[in-house]
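Commentary on secondary and tertiary structure
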Amino acid sequence: MGSTRYDMDARYDRARREGYASKSAGEIFTQNAKRMAHESMNPKGISFRESRDSSVHPNSVPIILGLDVTGSMGHIPHELIKEGLPKLMGGIIQGGVPDPALLFLGIGDHECDSYPLQVGQFESGDEELDMWLTRTYIESGGGGNAGESYLVAWYFAAFHTRTDAFEKRGQKGLLFTVGDEPCLKTLPASAIREIMGSGQQSFKHTELLEEAKKRYEVFHISVLHSGQAVNADQGWKDLLGQNCLSIEDYRDVPKVIKEIVCSRFNENQFKTKDLGDINNIQMF
């Protein structure tokens, strides 16, 4: 994937035709009316999502964006399709990163939601990225269990992605989750089997974080729009340190991601220290 370019003019024209600025979330995210995830975003049976180089993008930079789509966070995908996504991709490219490949994940709650993980593809083109974003089902679930399944993003990145950036150049990608809840602490093997179709091992959230960090620099963006979110923020800081990024206005998500991607890329901070196990990728 990722063999097309992000064309700001084409994206502006399509947004105008589709009426992104004026349509409600329900009109744009049509899976909501069906009350089910799009078949193409069902992770069950997926071996890998791949970010590969191409003649158009010879130095692909893999970026995973895991969006909390539970009740209090479901407005962020709507903001992204209206204005945020072109700001994000345009800002990254203008900031000196010509070959970004972006993968959307929809994150719910594996303890109580029907669709705790939805998975797009690594894409670089404006039309393809709009397609995956608008296919996302805003389940608006979650529960009173003091957390959401951000750790499934780490699981998927660690065991079900492959990138030329890492395999050819020893460069880590970037993984962002966005939310306002704590991270659930365990991912049982039973939940993995339900989500992915197979799975024999249970994981603690810290174990999955360390696995994801082998191939990605991992960030979390805490959206501090409630007292509960402020309380959760400290736990994220304890877990990720300076890689926990706290914002009060959810519309700042594209700006924060753009600044991190551009600064890390231009400083060449994604070089791995040990390439010995690049091809020793296990699936769980």
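For the structure given in this document, a descriptive report is provided here. (Residues numbered from 1 in each chain as written. Predicted model: local features only at pLDDT ≥ 70, side-chain atom pairs only at ≥ 80, totals over all residues. Heavy atoms only, no water.)

**Focus on the state of the cysteines**
By the definition in use, this model includes zero disulfides. Of all cysteine sulfurs, the one in Cys183 lies closest to Cys112, which takes part in no disulfide; the gap is 14 Å. Cys183 takes part in no disulfide bond, and the closest cysteine sulfur, belonging to Cys244, lies 12 Å away. (Disulfide = S-S within 2.5 Å.)

**Things to note about the side chain of Gln118**
Inspection of the secondary structure puts Gln118 in strand S4 (residues 117-119). Discounting residues that sit within four places of it in the chain, Gln118 has contacts with Ala37, Met41, Val69, Phe104, Leu105, Gly106, Arg135, Thr136 and Tyr137. (Helix = DSSP H or I, 4+ residues; strand = E, 2+ residues; numbered from the N terminus. Contact = heavy atoms within 4.5 Å.)

**Observations concerning the pattern of salt bridges**
Applying the stated criterion across every chain yields a total of 16 salt bridges. Between Asp164 and Arg52 there is a salt bridge whose closest N-O contact spans 2.8 Å. Taken as a pair, Asp164 in helix H7 (residues 164-169) and Arg52 in the loop between strand S1 (49-51) and strand S2 (61-68) lie far apart in primary sequence, 112 residues in all. We classify Asp164 as buried; its relative accessible area is 7%. (Salt bridge = Lys/Arg side-chain N within 4 Å of Asp/Glu carboxyl O. Buried < 20%, exposed > 50% of the residue type's maximum accessible area, 1.4 Å probe, protein only.)

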